[in-house]
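One-letter residues, chain by chain:
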Amino acid sequence: MLFINNENHVIIMRTDKAERDEGKLVLYPGANEVASSKWDLFKDHPGVKSYFDVGEVEIREKGYESLKSMSVREAIDLAKITVQKPLLEKMAKHEDRKAVKDAIAAQLAELDAK
């Protein structure tokens, strides 16, 4: 997982494909957007803390700008497993690299087809 702090939201990016439900906080595969107020309620939950304990979490401080610091391969892999359309659309607005934008567009098309 990857957490990106972004003003009023925490972007939670998961690298596995299992849906996680920690009480009232559901983490889908790929990127997730969670209100900071909700994150404050759940960040110390044992289930969430376990993600930190096993090293599945990285924290980046620059919101969507952090996507630009990912390699093209990392960003494409993230786009391929993200299942939340609004978040993919936000990612696309902050991304300049053609290959990553294409991967985001392909994932959006796949989700639209379902």
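Residues numbered from 1 in each chain as written. Predicted model: local features only at pLDDT ≥ 70, side-chain atom pairs only at ≥ 80, totals over all residues. Heavy atoms only, no water.

### Focus on the overall build of the protein chain
- Regarding its fold elements, the protein chain presents six helices and six strands.
- Overall, the protein chain shows an N-to-C arrangement of helices and strands of β-β-β-β-β-α-α-β-α-α-α-α.
- Taken across its 114 residues, the protein chain has 40% of its residues classed as buried.
- Look at the contacts in the protein chain between residues 6 or more apart in sequence, and 55% of them connect residues 24 or more apart. (Helix = DSSP H or I, 4+ residues; strand = E, 2+ residues; numbered from the N terminus. Buried < 20%, exposed > 50% of the residue type's maximum accessible area, 1.4 Å probe, protein only. Contact = heavy atoms within 4.5 Å.)

### A look at helix α2 (residues 46–53)
- Listing the buried residues of α2 in full gives Gly47, Val48 and Tyr51. Projected down its long axis, α2 shows its buried positions confined to an angular sector of 105°, all on one face. Opposite the buried face of α2, at more than 90 degrees from it, the exposed residues are Pro46 and Asp53. (Arc of directions from axis to C-beta.)

### Quick word on the confidence of the model for the protein chain
- For the protein chain, per-residue confidence averages 76 on the pLDDT scale, and residues scoring 70 or more make up 68% of the total.
- Within the protein chain, helix α6 (residues 98–113) carries the highest mean pLDDT (97), whereas strand β1 (residues 2–6) carries the lowest (45).
- The model gives residues 1–8 a pLDDT under 50, and that stretch makes 48 contacts with residues more than four places away or in other chains. (pLDDT = per-residue confidence, 0-100.)

### Concerning the pattern of salt bridges
- The final tally for this structure, using the stated rule, is five salt bridges.
- One salt bridge connects Asp102 with Lys98, and the closest N-O pair in it is separated by 2.7 Å. On the criterion of helical spacing, the pair formed by Asp102 and Lys98 is a turn pair, its members being four residues apart in helix α6.
- Residue class for Asp102 comes out partly exposed when judged on its relative accessible area of 40%. (Salt bridge = Lys/Arg side-chain N within 4 Å of Asp/Glu carboxyl O.)

### Notes on the packing of helix α5 (residues 85–93) against α6
- Running from amino to carboxyl end, α5 crosses α6 at an angle of 160°, the nearest separation of the two axes being 10 Å. One way to sum up the angle between α5 and α6 is to call them roughly antiparallel. Judged by the sense of rotation from one axis to the other, the crossing of α5 with α6 is left-handed. Residues Lys85, Leu88, Glu89, Met91 and Ala92 of α5 form the contact with α6, whose own contacting residues are Lys101, Ile104, Gln107, Leu108, Leu111 and Asp112.
- Taken together, the residues of the contact of α5 with α6 sort by class into six nonpolar, one polar and four charged. (Axes fitted to C-alpha atoms, helices over the stretch in contact; angles between N-to-C directions. Parallel < 35°, antiparallel > 145°, perpendicular 65-115°, else oblique. Left-handed = near helix turned anticlockwise from the far one by under 90°. Nonpolar A, V, L, I, M, F, W, Y, C, P; charged D, E, K, R; others polar.)

### Concerning the environment of Gln84
- Mapping Gln84 onto the fold places it in the loop between α4 (72–81) and α5.
- Separated by 51 residues in sequence, Gln84 and Glu33 have C-alpha atoms that sit 8.9 Å apart.
- Every residue in contact with Gln84, bar those within four places of it in the chain, is listed here: Tyr28, Ala31, Asn32 and Glu33.

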